[in-house]
Amino acid sequence: MEFLQTARPRTEKNVMNPVRELQNHGQAIWLDFLARGFITKGDLKTLVDNDGLRGVTSNPSIFEKAIGSSDEYDSAIVSLMKKGDRSVADLYEQLAIEDIQHAADVLRPAYDRLDGADGFVSLEVSPYLANDTEGTIAEARRLWKSVNRKNLMIKVPATPNGLPAIQQLISEGISVNITLLFSQKVYVEVAEAYLAGLQNYIRNGGDPAHVASVASFFVSRIDSAADKQLDEKIAQANDPAEKARLAALKGKVAIANAKLAYQEYKQLFAGEDWQKLEAEGARPQRLLWASTGTKNKDYRDVLYIEELIGPDTVNTVPPATLDGFRDHGELRDSLEENLDDARQVLAALADAGISLDAITRDLVTEGVKLFEDAADKLLGAVARKREKILGSAIDRQTLSLDPSTAKSVEAKADDWRAAGAVRKLWQKDKSVWTNTDEDKWLGWLTSPAAELDRAADYEDYAWRVKKQKFTDAVVLGMGGSSLGPEVLAKTFPKAAGFPKLHVLDSTDPAEIRSLEAAIDIARTVFIVSSKSGGTTEPNALKDYFHARVAKAIGADKAGHRFIAITDPGSSLDAEAARLGYARTFHGDPEIGGRYSILSPFGLVPAATAGIDVTGLLEGALVMVRSCGAQVPPHDNPGVQLGLAMGLAGREGRDKVTILASPKIADFGAWAEQLIAESTGKEGKGLIPVDGEPLGDASLYGDDRFFIDIRTADEEDAAHDEKLRALENAGHPVVRIVMNSIEQIGQEFFRFEIAAAVAGAVLGINPFDQPDVEAAKIRTRELTSAFEKTGRLPDEEPAISANGFDIYTDAENARALREKGADGELSSWLKAHLSRAEPGDYVALLAYVARNEDHIGELQRMRLAVRDRKKVATCAEFGPRFLHSTGQAYKGGPDSGVFLQITADDPRDLKIPGRKMSFSIIKAAQARGDFDVLTRRGRRALRVHLKGNLKSGLSRLDDAISRALM
Ligand SMILES: O=C(CO)[C@@H](O)[C@H](O)[C@H](O)[C@H](O)COP(=O)(O)O
Ligand SMILES: O=C[C@H](O)COP(=O)(O)O
């Protein structure tokens, strides 16, 4: 720094150093600057020795310049990160604390020599807490403890919420520097808060000699604001005398304001009350002139030092001003000169119609904002540095957006930054969304850290599972409870010595049988997973498999082969206790199913399968930190993804097409339910498209938003080529590269934040699922009818033919007949598919066993539709999708064309103790689903395949091909 070179050694020649001379006028000079090298290279000490510098102040802008806008701290950040990853806020704070400690140590000899009267270093609480009394108190206490230096002052702003914090902190013996102080009136309140705090401290036995305080009264900013208004008045005035009167006030207001504040000081720290405190050893709270660098080049560079010299005051100056004063500063006791003039300046300002009260009020708000801006810039820079150091330990995300989406994302990120929306999200502030009950559904934000604290329990549980030598573990659950564990089961290889993990989320008798055939029932552990405990499918499956296990190993032991994961107090909780389950894990009622993967709903299946739960959570925590409260939207990967998805969706690119590489192929099914169920409601939302193989750019409409996710070692040049073609064609493409599957926890969390943010952008509550509930209610009506009558209510097909029946409601039937639907299956399909316009999507909803063959059939059909109609396609299996994309299909935008596929079940499966069989439940679910779709006025057609399913599906495939001709 240039000014340092001008700090001359003490010689005979410069004995009359004006800076040092200030002491003789009772004023202490502090430095409004700090940087690491400046301390470590001894420059601060030089100023202390040569200029008699007696203190240092810091603020968010100073740290932003030091840490954010330089590489001076990069090696220190690397060293901190070597001890382990930490949050961006933590990294900044650690660096700041170290600097403050070093500076305090340099000033400590002065502090000791002056018996604690001076030699202070100030560290400011986060500007984000400026309107939060309790938060300020807590942070000040924490910083006071962490810095652990007697000559520290904690800076607290003089906002309405800062004032009570000041009093409280002083009463705890914490030295406070009150910043952002502009008004005389507020200054009096600040001084009173100090005095009241001191009285409390003494009353509680504290020694006031250990407590110090300064009131940082801002100067130059007042002139900048007042001069601006004066200039406007001058421009408007016609009378030259009036212009001259106004011009004479320029550059005078700030000094007049400060001088009069000093007069208040003299009164406040005189009189009996003060004398009593003083007798106890209390120190006055000195006025400190801050913001004393001259802003207007027409004014003398040392104006705000020369005009404010007086006893028992401090002036904290930026380096250039210090240099200037050392070079050409002139000393006189100016502070109490011409006080009447000062009063007249303020009176004339008021006469001119300029309100100093309004100026000072605005300056506080603006001051907080400026510090927030600086903190955002600083934390954004630290976030980027952290990410760079993490290297491949953090999954890479790049957004390649079309210009329109890119512009919207940039603008929205600016809005979010200005509104502190990321912090609000983390503070569980429901105003980020629709102000309903979103605050009750944000437990997933903190679950990775909370669960890591329970890692030992998961390890112990895993050890016990291993000891049992199970061959298989089967999760019985739906939606959030099944799709997360399924990603784990399909992504991670089987761990030696642990059971193979399966997931069963179907009521299809053939699928249940096929699972049963794949396991050794006598050596299997079942995990019944239901947050509510009341979900039909896991309950039926639990009853079925309990009976099967009882048959295999005896009724008395059957319960021991079952584990429950459920919210406390649910019916499953009670049932598990009654049946003697081996263990019940409780979920957090503040985490919805689709956000529950990093809670027991995902972690128990993981531990059961021998997956490293600690590693999974530690991985997730890397992304938690990257998406943290203090990471501004521009540098926050989850927020960026959410803003991009939400905004692109709002602009019509609402088909979020997920391209997951082979190693993590199943991730899309989890992400699909998260995105669809979170956003698809109230006629708005995103329609995720999973499992649609990447095709030529010409196959896609301008309603697509692509997310490509893969692991680093899965090179695929052909795929990359196609992606580039999409980009070149103007489609938004997000690329996520995971270093390895072990880092999948990061992706769960990134997508959770993204879904929540997209929900905010879309203006919906991302944590409810009203239309899933509607389908459940309708299904329940049908199953209760079955319980009463022994059969499901009759339904009338639109046509019944050899091999198939067609069902739909009257409105759809009329519309389709108008389009040529007759007795042929293909005519109905043709009429139906012809309703899919650009921007629509076609969803095949098959209530058949989900197996390789059927997946293949559905894929063939969907691709035929996509390639011919150039619309997005979804291929889903019921009832599983009901707990996932089913929400968006019914509640989201009315752009779906639905083809429901049902079939005769060749063999049903009974559920012990129930009248209903699995086949009946599945039929009721399909009808409940279809009824809600048609009641919502959606374009829906149901084809019921009769007889042999294989040939039925191939007939359907064939009919679709013909319909598309
Ligand atoms: O409040 C204190 C000291 O207590 C200062 O660090 C204060 O923040 C600075 O003087 C001002 O922020 C600098 O303001 P300005 O020169 O940018 O207007
Ligand atoms: O995604 C959630 C499913 O609807 C299942 O709910 P549950 O966990 O309460 O059984």
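Quantities reported herein were computed from a predicted structural model and do not represent experimental measurements. (Residues numbered from 1 in each chain as written. Chains lettered and ligands numbered in written order. Predicted model: local features only at pLDDT ≥ 70, side-chain atom pairs only at ≥ 80, totals over all residues.)

**Here we look at the site of ligand 1**
Residues in close proximity to ligand 1 total 15 residues, the closest being Thr57, Thr179, Ser216, Ala290 and Ser291. Of all elements in the fold, only strand S5 (176-181), helix H11 (220-236) and strand S7 (286-290) reach the threshold of two or more residues within the shell around ligand 1. Across the shell around ligand 1, the residue classes tally to 2 nonpolar, 10 polar and 3 charged. (Near = placed C-beta within 6 Å. Helix = DSSP H or I, 4+ residues; strand = E, 2+ residues; numbered from the N terminus. Nonpolar A, V, L, I, M, F, W, Y, C, P; charged D, E, K, R; others polar.)

**Some details on the environment of His854**
Along the chain, the position of His854 falls in helix H37 (residues 852-869). C-alpha of His854 to C-alpha of Phe877: the two residues are 23 residues apart in sequence and 9.4 Å apart in space. Ignoring any residue separated from it by four or fewer positions in sequence, one finds His854 in contact with Ala846, Val848 and Ala849. (Contact = placed C-beta atoms within 7 Å.)

**Examining the sheet that holds strand S11 (residues 500-504)**
Within a sheet, adjacent strands bond to each other through the backbone by hydrogen bonds, running parallel or antiparallel. Read across the sheet, 5 strands follow the order S11-S10-S12-S13-S14 without closing on themselves; strand pairing throughout is parallel. Only two strands of the sheet have a single partner each, and these edge strands are S11 and strand S14 (583-586). Shown here is a sheet whose adjacent strand axes are inclined to one another by a mean of 20 degrees, direction ignored. Here 5 bridges tie strand S10 (residues 472-476) to S11, and the two strands are oriented parallel to one another. (Pairing = 2+ DSSP bridges. Axes fitted to C-alpha atoms, helices over the stretch in contact; angles between N-to-C directions.)

**Re the environment of Asp362**
Along the chain, Asp362 turns up in helix H18 (residues 356-390). Residue class for Asp362 comes out partly exposed when judged on the 13 C-beta atoms lying within 10 Å of it. In this structure, the C-alpha to C-alpha distance between Asp362 and Phe182, residues 180 residues apart in sequence, is 9.7 Å. (Buried ≥ 20, exposed ≤ 12 C-beta atoms within 10 Å, placed from the backbone.)

**Concerning the domain arrangement of the protein**
Note on interface size: it is often stated as the accessible area lost on association of the parts. Domain annotation of the protein identifies domain 1 (2-220 + 257-333), domain 2 (394-427 + 629-762), domain 3 (447-618) and domain 4 (770-963). For domain 1 and domain 4, the distance between their C-alpha centroids amounts to 71 Å. (Domains from an automatic or database assignment.)

**Observations concerning the nonpolar core**
Counting 307 residues, the largest nonpolar core has Ile154, Leu181, Val190, Phe217, Ile527 and Ile901 as the members making the most contacts within it. Apart from the residues within four sequence positions on either side, Leu181 is in contact with Ala158, Val186, Tyr187, Val190, Ala215, Ser216, Phe217 and Phe218. (Core = buried A, V, L, I, M, F, W, Y, C linked by C-beta atoms within 7 Å.)

**Comments concerning the UniProt feature "active site" (unreviewed entry) in the protein**
Here the UniProt-annotated "active site" (unreviewed entry) positions come out as Lys155. By the element assignment, Lys155 lies in strand S4 (residues 152-157). Excluding residues that lie within four positions of it along the chain, Lys155 makes contacts with Asn59, Ser122, Leu123, Glu124, Val125, Asn177 and Thr179. (UniProt positions renumbered as here; feature names shortened; annotations may be inferred.)

**Re the site of ligand 2**
Every residue lining ligand 2 is accounted for by Met478, Gly479, Gly480, Ser481, Ser530, Lys531, Ser532, Thr535, Pro538, Gly593, Arg594 and His883. In terms of residue class, the shell around ligand 2 is built from 2 nonpolar, 8 polar and 2 charged.

**Focus: helix H8 (residues 133-147)**
Over its 15 residues, H8 extends 21 Å from the first C-alpha to the last, a length consistent with the 21 Å expected when each residue adds 1.5 Å. Thr136, Ile137, Glu139, Ala140, Leu143 and Trp144 are the residues of H8 that are buried. Elements that come into contact with the buried residues of H8 comprise strand S3 (120-124), S4 and helix H9 (162-171). Among the residues trailing H8, Asn148 stands out with phi positive, at a value near 55 degrees. (Expected span 1.5 Å × (residues − 1).)

**Focus on the sheet that holds strand S16 (residues 687-690)**
Strands sit in the order S9-S18-S17-S15-S16 across an open sheet of 5 strands; the sheet is mixed. Where the open sheet ends on each side, the last strands, each with one partner, are strand S9 (396-400) and S16. Between one strand and the next, the sheet's axes are offset by a mean angle of 15 degrees, whatever the strand orientation. For strand S15 (residues 655-660) and S16, the ladder comprises 4 bridges, and the chain directions are parallel. When the sheet's bridge partners are listed, Val656 is paired in S16 with Pro688. Against the sheet, helix H31 (residues 667-679) touches S15, S16 and strand S17 (704-711), its axis set at about 170 degrees to S16.

**Brief notes about the pairing of S15**
Counting buried residues in S15 gives 6 out of 6 residues, a clear majority hidden from the surface. Residues Lys655, Thr657 and Leu659 line one face of S15 and the alternating positions Val656, Ile658 and Ala660 line the opposite face, and both faces are buried. The handedness of the S15 to S16 crossover, carried by H31, is right-handed. Two elements, S15 and S17, share 6 bridges in a ladder whose sense is parallel. Within S17, the position partnered with Ala660 by the bridge is Ile709. (Right-handed = clockwise from strand over helix to strand, strands pointing away.)

**Considering the packing of helix H6 (residues 74-82) against H18**
Packing of H6 against H18 brings their axes to within 10 Å, and their N-to-C directions diverge by 60 degrees. Considered as vectors, H6 and H18 are oriented oblique to each other. The handedness of the crossing between H6 and H18 comes out as right-handed. Between H6, through Asp74, Ile77, Val78 and Met81, and H18, the contact on the second element is made entirely by Lys385, Arg386 and Ile389. (Parallel < 35°, antiparallel > 145°, perpendicular 65-115°, else oblique. Left-handed = near helix turned anticlockwise from the far one by under 90°.)

**Some remarks on unusual backbone geometry**
Cis peptide bonds are those with omega within 30 degrees of zero, and the linkage from Gly878 to Pro879 qualifies with 0 degrees. Relative to the elements of secondary structure, Pro879 occurs in the loop between strand S22 (872-877) and helix H38 (886-891). Of note, Asn338 is a non-glycine position whose phi angle comes to about 45 degrees, a positive value. Its identity as a non-glycine residue notwithstanding, Glu682 has a phi of 55 degrees, on the positive side. Owing to 16 C-beta atoms within 10 Å, Glu682 belongs among the partly exposed residues under this scheme.

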